Amino acid sequence: MTTQTATPEEKATARPPLRILLTILHLGALGVLGAAILGTLSGLFGAGLGLLFVFGVGVFLLIGLVYALFGLGWFEVARVAALYKVPITPLGRRRSTQSGFAGWIRSIGRQTIDGRMWRALANFAIACIAGALVLRLIWGLVWSAMISFAPLTGSGAVAGPFGNVIDASWAPLLGILGVLASAAGMIGLALLHRVLSLAIVAQSREAELTERVRTTTAQREGAVRAADVERTRIERDLHDGVQPRLVSVGMTLGLAHQKIDEDPAAAKELISEAHTSTKAAITELRQLARGIHASVLDDRGLDAALSALASRSHIPVSLDVRMDPATGAGTQRVSREAEAAVYFAIAESLTNAAKHSRASEARVTVRIRGGNTLWARVEDNGMGGAQVQPGGGLDGISNRILAAGGTFRLDSPLGGPTSLEVNVPCAS
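Residues numbered from 1 in each chain as written. Predicted model: local features only at pLDDT ≥ 70, side-chain atom pairs only at ≥ 80, totals over all residues. Heavy atoms only, no water.

Peer 1: Hey, could you run me through the overall build of the protein chain in this one?
Peer 2: Each helix and strand counted, the protein chain has 12 helices and seven strands in total. Looking at the protein chain as a whole, 35% of its 428 residues are labelled buried. When the accessible surface of the protein chain is split by element, carbon and sulfur atoms take 63% of a total near 24,200 Å². (Helix = DSSP H or I, 4+ residues; strand = E, 2+ residues; numbered from the N terminus. Buried < 20%, exposed > 50% of the residue type's maximum accessible area, 1.4 Å probe, protein only. Areas by Shrake-Rupley, 256 points an atom, 1.4 Å probe, with all protein chains shown as cover.)

Structure follows, in structure tokens:
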């Protein structure tokens, strides 16, 4: 026996007549408000262009217009998804990984050319036109229902819809036909709106698969780059740290072996020095292993792992971890992949803050947002100026977060502060 999964279009089609009534109500509301909304946006666009060279006032108006268009597009996507009960990915902001003012401008530009946002806006405009027609049909239905009872009033004629005069004896027939035609017109517009909305706003099966392949490819490339950066870091730490120390231990023990007969006291000092160096090498190896895999993360979860990380930090760290989306307190285990990605992103950020930013303190905030996204923010009061360099620590964070299907944002203007935000999808 085989099972088939219904497409969003099929799910929306298999709905009771109540869905048609809700669609008509939606269109009626858009018919009332749509003209005012579209008129306001058009006025804002015109004012922005007109004031573009007046002390740059038009620039702020046009930037505000982009945010308004995004909000309207987000609303339209959410409206269609809620109306037809189809799983449509919410419209998201186009963020840039570049920090500072340049990154913000780049994000505005990417949002302006977002095709999905413009498709949602086109669907809103079409829905407003259909809504205006629905309002006319509602008035036609009411008028038709009223003239159906014209003979009962005793009048010999009634006013027609086009300014003409209709004999009262024909009024009931025309009224019934008008009611049926108006109802049929509203139902037709509702069905047309459903078809157009699902075609314009909801992604088709092919588009969904294409987007999934693109996302999977990006995640795989991020995982490969993250693994390469991590391997390079391990090789560098072994070559620059543990390996020279172990070589020094071997040489010290060799000298002690030569002096053990003729100068036992000196040999004893050399052995003590080798013992100290061996313990330091063990500590470095333990820290290196912890950077590869944090066992406390598996045993006690992200909150405990971050507490241990903060206690080992060279600068004071303020932790604020709330992983219960219902109450905002307590802890909640999420997927191991999401916890590991966020943990190592925070660990690398704190390491950078201690080594390079000259920070005196750092703050770490972790939340579960929307019930399915693990969000973390690391902020320090250092000198700023951090940038993503190929093969560097921030590049490793970016690739690891991308491999987990998340997003990464760095804001580090010169003079500080530096803040890093990550969002990783999780199964909460």
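Picking up where we left off.
Peer 1: What should I look at first to understand helix α11 (residues 336-355) in this one?
Peer 2: Given 3.6 residues per turn, any residue in an α-helix points the same way as the ones three and four places further on. When the terminal C-alpha atoms of α11 are compared, their 28 Å separation across 20 residues agrees well with the 28 Å that a helix rising 1.5 Å per residue should span. Of all 20 residues making up α11, 14 are buried, and the element is well covered by its neighbours. (Expected span 1.5 Å × (residues − 1).)

Peer 1: Even after reading the chapter, I still don't get the packing of helix α2 (residues 17-50) against helix α6 (residues 171-200), so can you show me in this structure?
Peer 2: Helices that pack against each other are described as a pair by the angle of their axes relative to one another and the distance between those axes. The N-to-C vectors of α2 and α6 enclose an angle of 90 degrees; their axes lie 9 Å apart at closest approach. Taken together, the axes of α2 and α6 are roughly perpendicular relative to one another. Of the residues in α6, those touching α2 at I20, T23, I24 and L27 are M186, I187, L189, A190, L191 and H193. Residues of the contact of α2 with α6, tallied by class, amount to eight nonpolar, two polar and no charged. (Axes fitted to C-alpha atoms, helices over the stretch in contact; angles between N-to-C directions. Parallel < 35°, antiparallel > 145°, perpendicular 65-115°, else oblique. Contact = heavy atoms within 4.5 Å. Nonpolar A, V, L, I, M, F, W, Y, C, P; charged D, E, K, R; others polar.)

Peer 1: Would you take a moment to explain the packing of α2 against helix α3 (residues 57-84) for this structure?
Peer 2: For the pair α2 and α3, interaxial distance at closest approach is 10 Å and the crossing angle is 170 degrees. Taken together, the axis directions place α2 and α3 in an arrangement best described as roughly antiparallel. Residue-level contacts link R19, L22, T23, H26, L30, I37, L41, L44, F45, A47, G48 and L49 of α2 to G58, L61, L62, G64, L65, A68, L69, L72, R79, L83 and Y84 of α3. In terms of residue class, the contact of α2 with α3 is built from 16 nonpolar, five polar and two charged.

Peer 1: Got a minute to help me understand the pairing of strand β7 (residues 418-425) in this structure?
Peer 2: Taken residue by residue, a regular strand's side chains alternate between the two faces of the sheet. Across eight bridges, the pairing between strand β5 (residues 373-380) and β7 is antiparallel. Residue L374 lies in a different strand from β7, and its bridge partner there is V424. Looking at chain direction, strand β6 (residues 407-411) and β7 are connected through five bridges and run antiparallel. Each bridged residue has a counterpart across the sheet, and for L410 the counterpart in β7 is L420. In this structure, the hairpin formed by β6 and β7 is closed by a connection of six residues, where G415 is found at a positive phi of approximately 95 degrees. (Pairing = 2+ DSSP bridges.)

Peer 1: I would appreciate a short explanation of the environment of S335 in the present structure.
Peer 2: Mapped onto the elements, S335 comes out in the loop between β3 (317-322) and α11. Take S335: its relative accessible area is 19%, and that puts it in the buried class. Sequence spacing of S335 and P425 is 90 residues, and the spatial spacing of their C-alpha atoms is 8.9 Å.

Peer 1: Help me understand the environment of G382, please; the structure alone is not making it clear to me.
Peer 2: As for its position among the elements, G382 is in the loop between β5 and α12 (393-403). When residues no more than four places from it in sequence are discounted, the contact partners of G382 are S357, R358, A359, G415, G416 and P417.

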